[in-house]
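Now for the letters of each chain:
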Amino acid sequence: MNRIEAFRGIFLVLILTIISGCATNPVTGRSDIVLMSESQEIELGRKHHRQVLQQYPVYNDKELQNYVSALGQRLADASHRSHLDFSFTVLDSPEVNAFALPGGYIYITRGIMSYMNSEEELAGVLGHEIGHVTARHSVRQQTAQTGAGLVSMGVAILTGRRAAAQAIGQAASALTSGYGRSHELEADRLGAEYLARIGYDPEQMLGVIGILKDQEEFEIQRAKEENRRPRNYHGVYSTHPRNDQRLQTVIKAAEQYKNPDAEVTNPEDFLRLMDGVTFGNSEEQGILRDSRFYHKSLDFTLALPRGWQIDNQPSQLVTIKPGRGAAMILQLEKLQGNESAAQFMRRKFRNIQQGQNLSGNRFTAVVRGQTPFGDNRPIRVGTIVHDGRAFVLSAFSKNRIPDTEFFDTLDSFRRLDRDERKLATAKKLKIYRVRGGDSMSRLASRLKLGKYGEEQLRLINGLYPDGEPENGQLIKIIR
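None of the values given here were measured: they were computed from a predicted structure.

Undergrad: Mind showing me how you'd approach helix α3 (residues 62–77) here?
TA: For an α-helix the count is 3.6 residues per turn, leaving residues at separations of three or four pointing the same way. Its 16 residues place the ends of α3 22 Å apart at the C-alpha level, agreeing with the 22 Å of an ideal helix rising 1.5 Å per residue. What α3 keeps buried is the set Leu64, Gln65, Tyr67, Val68, Leu71, Gly72, Leu75 and Ala76. Along α3, the residues classed as buried sweep out an arc of 165 degrees about the axis, all on the same side. Pointing more than 90 degrees away from the buried face of α3 are the exposed residues Lys62 and Glu63. The distance from a side-chain oxygen at the start of α3 to the backbone nitrogen of Glu63 is 3.3 Å, and the residue carrying that oxygen is Asp61.

Dropping the structure here:
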């Protein structure tokens, strides 16, 4: 047997493996080609769940966590895979996001919850994510991508033409990337069905989409003014137009499952639960105001380059130059004993060049290492020892290290003064009953919410772009 015939045999075995990997879709009842058992799916979700919790802290509000979990479980019990052990977690993140992992792990950020004004709206988002799990979208997507790779490999083996294989691979990639949109629509159909089954109006999902589309449009406008990338919700709410007829059709079709005996919830109960929820950056991760960063528990502030994109992540503070040709990262490291900044740097880095002691137990040097722009590139590193901790600032670029911005940032690091400790305090949502004469403009001015305060108040209350609350209505304000 020659090599080509041997490869043909291997390829046919792989194709037969895919064909034999059929499982009944729990939603449609039809057979799907999948390469993962349910137990493997659950184990995959469990593995990535640990990774999610390393990247995002859990929001420290037991009452809110229990409430979201109870609501999510009611929806999960009405789903096509009610036997799964679903898990619902509120993440301490200002991002407007919700997502699902295989096997029943559902996450929602306090950021997206800030824009909701009723239990039905929250149920709409949770139901959508449950729909991704019940239809096994992640498993089906993985199978599609694996199958595309095998077909591409088979073309190369059977024809000996790499170009043909690449063409097939590109076509398959386009097919699977479009596949995600149909998954999003199916998740909305399922989410609407689960809402109806536990007594909610499935058309509430259309209201959620309207609110999040408003937030997305405002975020795009604000990001353009601030010269950064917009941070938008991932799903059908950003990929479909507001009046998508397919979306309206699948949601209205869910009315056939509506439970007429279900209890109607009071929106004010949901709003009172949101009283005191953190809005924007949390104190644990530090507060960004304009281009200045404040951290209360670590007792420091520093100024970041104006015009640079700033991404405050749980484990590091990332700033990116316009054009994405340079970046700086601030990280917190542990010291050994009473190490000085110079001692820490010499222990941490072996290839130090241009080492220099600075005042205030600070040390800077150039090292070489891996960067997003390539390996073994020069990196400017500075360490500040502050209250027994090492604060490490790194700068790198495509071309020349941004030394001016680096040293300006390093020099700006200092303790908080009394007034700055107030700036390092996180903003909270507060529930307020509207009085005669109140308007969004007057409230934003009275609360000193700054440039976008009026727009923010309207967005979190479903009144964007120019709505006004009614006298006596409960609304969310920011303090």
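Undergrad: Hey, could you run me through the packing of aromatic side chains in this one?
TA: For any two aromatic rings, the description comes down to two numbers: the centre-to-centre distance and the angle of the planes. Per the stated rule, a full pass over the model turns up 12 aromatic pairs. Among the aromatic residues, ring-to-ring pairing joins Phe293, Phe300, Phe391 and Phe413 into one connected group.

Undergrad: I keep staring at a positive patch on the surface and nothing clicks. Help me out?
TA: Taken together, the side chains of Lys428, Lys430, Arg435 and Arg479 make up a positively charged region of the molecular surface. Counting through the fold element by element, Lys428 comes out in strand β17 (residues 427–433). Exposure remark for Lys428: the relative accessible area of 31% places this residue in the partly exposed category.

Undergrad: For this particular structure, what's the right way to read the layout of surface pockets?
TA: Over the atoms rolls a probe the size of a water molecule, and its path tells where empty space is left. The computed volume of the largest pocket comes to approximately 1800 Å³. Lining the largest pocket we find 48 residues, and of these Arg222, Arg228, Arg231, Asn281 and Leu288 sit closest to its centre. Elements with a minimum of two residues in the lining of the largest pocket: α8 (204–225), β7 (287–289), β10 (309–312) and α16 (453–460). No other element matches α8, which puts 5 residues into the lining of the largest pocket.

Undergrad: Teacher, can you tell me more about the packing of helix α5 (residues 119–134) against α8 here?
TA: Two numbers describe a pair of packed helices, the interaxial angle and the distance between the axes. Two numbers describe how α5 lies on α8: the axes approach to 8 Å, and their chain directions differ by 90 degrees. The orientation of α5 relative to α8 falls into the category roughly perpendicular. Contact with α5, carried on its side by Glu120, Glu121, Gly124, Val125 and His128, involves Gln204, Met205, Val208 and Ile211 of α8 and no other residues of that element. Residues of the contact of α5 with α8, tallied by class, amount to 4 nonpolar, 3 polar and 2 charged.

Undergrad: What is the right way to read the sheet that holds β17 from this model?
TA: What holds strands together in a sheet is hydrogen bonding between their backbones, with the strands either parallel or antiparallel. Pairing within the open sheet is antiparallel, and its 3 strands lie in the order β6-β17-β18. Two strands in the sheet have a free side with no partner beyond their single neighbour: β6 (278–279) and β18 (474–478). Note: β17 against β18, 5 bridges, orientation antiparallel. Along β18, the bridge assignment pairs Ile431 with Lys476. Packed onto the sheet, α16 meets β6, β17 and β18 and runs at close to 140 degrees relative to β18.

Undergrad: Mind showing me how you'd approach the pairing of strand β16 (residues 389–397) here?
TA: Every regular strand shows the same layout, with side chains that alternate between the two sheet faces. Across the 9 residues of β16, 8 count as buried, placing the element largely inside the fold. The sheet contact formed by strand β12 (residues 326–333) and β16 spans 8 bridges and is antiparallel. Within β16, the position partnered with Ala326 by the bridge is Ser397. Where strand β15 (residues 374–386) and β16 come together, 7 bridges link them in antiparallel fashion. Bridge pairing in β16 places Val381 opposite Ser394. Connecting β15 to the next strand, β16, in antiparallel fashion are 2 residues, including Asp387 with a positive phi near 55 degrees.

Undergrad: It is not clear to me how helix α10 (residues 245–252) should be interpreted in this structure. Could you clarify?
TA: All buried positions along α10 are accounted for by Leu247, Gln248, Val250 and Ile251. Of the residues that open α10, the one with a side-chain oxygen 2.9 Å from the backbone nitrogen of Arg246 is Asp244.

Undergrad: Just to check I follow, could you spell out the pairing of strand β11 (residues 317–320) for this structure?
TA: Covered by surrounding structure in β11 are Leu317 and Thr319 together with Val318 and Ile320, the residues of both alternating faces. If you look at the hairpin formed by β10 and β11, you'll find 4 residues sitting between the two strands. Looking at chain direction, β11 and β12 are connected through 4 bridges and run antiparallel. When the sheet's bridge partners are listed, Ile320 is paired in β12 with Ala327.

Undergrad: Explain the pattern of salt bridges to me, please; I cannot follow it from the model alone.
TA: When their charged atoms lie close together, side chains carrying opposite charge are able to pair. By the definition in use, this model includes 24 salt bridges. Residue Arg421 pairs with Asp299 through a salt bridge whose shortest N-O separation is 3.6 Å. Remark: Asp299 occurs in the loop between β8 (292–295) and β9 (300–303) and Arg421 occurs in helix α14 (residues 418–423); sequence separation between them is 122 residues. On the basis of relative accessibility, which here comes to 35%, the residue Arg421 falls in the partly exposed class. Residue Asp299 is classed as buried on the basis of its relative accessible area of 15%. Close ionic contact of Arg415 with Asp387 constitutes a salt bridge, the shortest N to O distance being 2.5 Å. Taken together, the positions of Arg415 in the loop between α13 (403–411) and α14 and Asp387 in the loop between β15 and β16 put the pair 28 residues apart, joining distant regions of the chain.

Undergrad: What's the story with the nonpolar core in this structure? I'm lost.
TA: Note that soluble globular proteins tend to have their nonpolar side chains buried in a common cluster. Of all hydrophobic cores here, the largest spans 68 residues; its most connected members are Val68, Ile108, Met113, Leu122, Leu126 and Leu457. When sequence neighbours within four positions are dropped, the list of residues in contact with Val68 reads Phe88, Val90, Ile108, Met113, Leu122 and Leu126. Core analysis: the second largest hydrophobic core is formed by 20 residues, Leu302, Met328, Phe391 and Ile401 among them.

Undergrad: Could you clarify how one ought to interpret the environment of Pro57 in this entry?
TA: Within the secondary structure, Pro57 is located in the loop between α2 (38–55) and α3. Sequence spacing of Pro57 and Pro314 is 257 residues, and the spatial spacing of their C-alpha atoms is 7.6 Å. When residues no more than four places from it in sequence are discounted, the contact partners of Pro57 are Leu91, Asp92, Gln285 and Pro314.

Undergrad: Whenever I open this one, the sheet that holds strand β4 (residues 98–101) confuses me. Can you help?
TA: Taken in spatial order, the 3 strands make up an open sheet running β3-β5-β4, and their pairing is mixed. If you trace the sheet from one side to the other, it starts and ends with β3 (87–91) and β4, each paired once. Going from strand to strand, the sheet's axes swing by 20 degrees on average, the running direction of each strand aside. Alignment of β3 against strand β5 (residues 105–109), held across 5 bridges, turns out to be parallel. Paired with Leu91 across the strands is Thr109, a residue of β5. Its contacts with the sheet place α2 against β3, β4 and β5, and it is angled at close to 25 degrees to β5.

What counts as what
- Residues numbered from 1 in each chain as written.
- Predicted model: local features only at pLDDT ≥ 70, side-chain atom pairs only at ≥ 80, totals over all residues.
- Heavy atoms only, no water.
- Helix = DSSP H or I, 4+ residues; strand = E, 2+ residues; numbered from the N terminus.
- Expected span 1.5 Å × (residues − 1).
- Buried < 20%, exposed > 50% of the residue type's maximum accessible area, 1.4 Å probe, protein only.
- Arc of directions from axis to C-beta.
- Polar contact = N/O pair within 3.5 Å; in protein donor to acceptor, adjacent residues only side chain to side chain.
- Phe/Tyr/Trp six-rings, centres within 6.5 Å; stacked < 30°, edge-to-face > 60°.
- Patch = residues over 30% accessible without salt bridge, like charges linked within 9 Å, V, L, I, M, F, W, Y side chains within 5 Å.
- Areas by Shrake-Rupley, 256 points an atom, 1.4 Å probe, with all protein chains shown as cover.
- Salt bridge = Lys/Arg side-chain N within 4 Å of Asp/Glu carboxyl O.
- Lys, Arg positive; Asp, Glu negative; His and termini not counted.
- Charge placed at Lys NZ, Arg CZ, Asp CG, Glu CD.
- 1 Å grid on protein atoms, 1.4 Å probe; cavity = no way out; pocket = protein on both sides within 12 Å on 5 of 7 lines; lining within 4 Å.
- Points joined across faces, edges and corners; volume = space filled by probe spheres on them.
- Axes fitted to C-alpha atoms, helices over the stretch in contact; angles between N-to-C directions.
- Parallel < 35°, antiparallel > 145°, perpendicular 65-115°, else oblique.
- Contact = heavy atoms within 4.5 Å.
- Nonpolar A, V, L, I, M, F, W, Y, C, P; charged D, E, K, R; others polar.
- Pairing = 2+ DSSP bridges.
- Core = buried A, V, L, I, M, F, W, Y, C linked by side-chain atoms within 4.5 Å.

By themselves these figures say nothing about function.
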